[in-house]
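For reference, the chains in residue letters:
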Amino acid sequence: MAQYSAQLDGVFVALADPTRRAVIRRLGGGPASVGELAGEFPMALPSFMKHVRMLEGAGLIRTAKAGRVRTCTLNPDRLALVDDWLAEQRRIWQGRTDRLEHFVTTEDPS
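For clarity, every value in this text was computed on a predicted model and none was experimentally measured.

**Student:** Residue-level account of the packing of helix H2 (residues 18–27) against helix H4 (residues 45–57), with values.
**Tutor:** Interaxial distance between H2 and H4 falls to 10 Å at its minimum, and their mutual angle equals 70 degrees. When the axes of H2 and H4 are compared, the pair comes out roughly perpendicular. Every pair of crossing elements has a handedness; the one defined by H2 and H4 is right-handed. In this structure, H2 contributes Thr 19, Arg 20, Val 23 and Ile 24 to the contact, and H4 contributes Phe 48, His 51, Met 54 and Leu 55. Of the residues in the contact of H2 with H4, the class split is 5 nonpolar, 2 polar and 1 charged.

The structure is reproduced here in structure tokens:
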């Protein structure tokens, strides 16, 4: 459970930045080179590479180098980690709201 939590924390930290979320959104449409991705943002390549390394470290993307070109691809399995956590939270809160609705709408027999 602790490792699951640490992995989830790493994913949320990586997704906390709007630039990194935009990279994830772009890679949802297919692989892209670092140069293509970086061209969409007003920052120097070394600064952009910090974002790439953060996403890669969190397991959200994979990179592969062929010659001088580094290509990034989305790792959808890692996003499933977030999806699973959100589904769990949704079940918890749905149960709570269902119990509250039952409490509010049920007549008290006393």
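**Student:** Tell me what's going on with the nonpolar core, and back it up with residues and numbers.
**Tutor:** The tendency in soluble globular proteins is for nonpolar side chains to be buried as a group. Formed by 23 residues in total, the largest nonpolar core has its most connected members in Phe 48 and Leu 60. Listed by contribution, the elements that provide at least two residues to this core are helix H1 (2–15), H2, helix H3 (34–38), H4 and helix H5 (76–105). With sequence-adjacent residues up to four places away left out, Leu 60 is seen in contact with Val 11, Ala 14, Leu 15, Ile 24, Leu 55, Thr 73, Leu 74, Asn 75, Arg 78 and Leu 79.

**Student:** Describe in detail a nonpolar patch on the surface, supporting the description with residues and values.
**Tutor:** A contiguous nonpolar surface patch, about 360 Å² in accessible area, is contributed by Leu 100, Phe 103 and Val 104. Along the polypeptide, Phe 103 turns up in helix H5.

**Student:** Residues and numbers for the pattern of salt bridges, please.
**Tutor:** All chains considered together, the criterion is met by 1 salt bridge. Residues Arg 26 and Glu 40 are paired through a salt bridge, measuring 3.7 Å at the closest nitrogen-oxygen approach. Taken together, the residues span a long stretch of sequence, with Arg 26 in helix H2 and Glu 40 in the loop between H3 and H4 at a distance of 14 residues. Given the relative accessible area of 27%, Arg 26 is considered partly exposed.

**Student:** Which residues make up the packing of aromatic side chains, and what values do they have?
**Tutor:** The geometry of an aromatic ring pair comes down to the distance between the two centres and the angle between the two planes. Following the criterion strictly, the structure yields 2 aromatic pairs and no others. Ring geometry for Phe 12 and Trp 85: centres 5.4 Å apart, planes at 75 degrees, overall edge-to-face. Pair noted here: Phe 12 is in helix H1 and Trp 85 is in helix H5, with a separation of 73 residues, a long-range link.

**Student:** Provide a residue-level description of the confidence of the model for the protein chain, including the pertinent values.
**Tutor:** Across the protein chain, pLDDT averages 88, with 94% of residues at or above 70. By mean pLDDT, H5 is the weakest element of the protein chain at 81, and H2 is the strongest at 97.

**Student:** Before we move on, could you go through H4 and cite the residues and values that matter?
**Tutor:** Taking 1.5 Å of rise per residue, 13 residues should cover 18 Å, and H4 covers 18 Å from first to last C-alpha, within 8% of that figure. Phi turns positive, to about 80 degrees, at Gly 59, one or two residues after H4.

**Student:** Talk me through the side chain of Arg 20; I want residue IDs and the actual numbers.
**Tutor:** Within the secondary structure, Arg 20 sits in helix H2. For the buried Arg 20, which has no salt bridge, the nearest side chain bearing the opposite charge is Asp 17, at an N-O separation of 4.4 Å. For Arg 20, the side chain forms a polar contact with the side chain of His 51, separated by 3.1 Å. Setting aside residues no more than four positions away along its own chain, Arg 20 makes contact with Val 13, Ala 14, His 51, Met 54 and Leu 55.

Reading guide: rules and limits
Sequence order as written defines residue numbering, which begins from 1 separately in each chain. At least 70 in pLDDT is required for a residue's local features to be given in this predicted model, at least 80 for side-chain atom pairs to be given and counted, and no such filter applies to totals for whole chains, interfaces and linings, which use all residues. The side-chain values count all of the structure's non-hydrogen atoms but skip hydrogen atoms and water molecules. Each axis is a line fitted through C-alpha atoms, and for a helix only the stretch in contact is used; angles between axes span 0 to 180 degrees, taken between their N-to-C directions. The secondary structure listing takes helices from DSSP runs of H or I that are at least 4 residues long and strands from runs of E that are at least 2 residues long, numbered from the N terminus. We call two directions roughly parallel when the angle between them is under 35 degrees, roughly antiparallel when it is over 145, roughly perpendicular when it lies between 65 and 115, and oblique otherwise. It is the rotation of the near helix from the far one that decides the hand of a crossing: anticlockwise by less than a right angle makes it left-handed, clockwise makes it right-handed. Every residue pair with non-hydrogen atoms within 4.5 Å of one another is taken to be in contact. Here the nonpolar group is Ala, Val, Leu, Ile, Met, Phe, Trp, Tyr, Cys and Pro; Asp, Glu, Lys and Arg are the charged ones; every other residue, Gly included, is treated as polar. Nonpolar cores were defined as sets of buried Ala, Val, Leu, Ile, Met, Phe, Trp, Tyr and Cys residues, with membership established by side-chain atoms within 4.5 Å. Between buried and exposed lies partly exposed: a residue is buried under 20% and exposed over 50% of the maximum accessible area for its type, with that area taken using a 1.4 Å probe on protein chains only. In this scheme, patches are assembled from residues that exceed 30% relative accessible area and form no salt bridge. Like charges are connected within 9 Å, while nonpolar side chains (Val, Leu, Ile, Met, Phe, Trp, Tyr) are connected within 5 Å. In short, Shrake-Rupley with a 1.4 Å probe defines the accessible areas, and a residue's cover is counted only from the protein chains shown. The rule for a salt bridge is simple: a side-chain nitrogen of Lys or Arg has to be within 4 Å of a carboxyl oxygen of Asp or Glu. A pair of Phe, Tyr and Trp rings is counted when the ring centres sit within 6.5 Å of each other, with Trp represented by its six-membered ring. The angle between the planes then sorts it: under 30 degrees is stacked, over 60 is edge-to-face, the rest tilted. You can read pLDDT as the predictor saying how much it trusts each residue, on a scale of 0 to 100. By definition here, a helix of n residues has an expected span of 1.5 Å times n minus one. In this tally, Asp and Glu contribute negative charge and Lys and Arg positive charge; neither His nor the terminal groups of the chain are included. Counted as a polar contact is a pair of N or O atoms within 3.5 Å, where, for protein atoms, one must be capable of donating a hydrogen and the other of accepting one, and residues adjacent in sequence contribute only when both atoms are in side chains.

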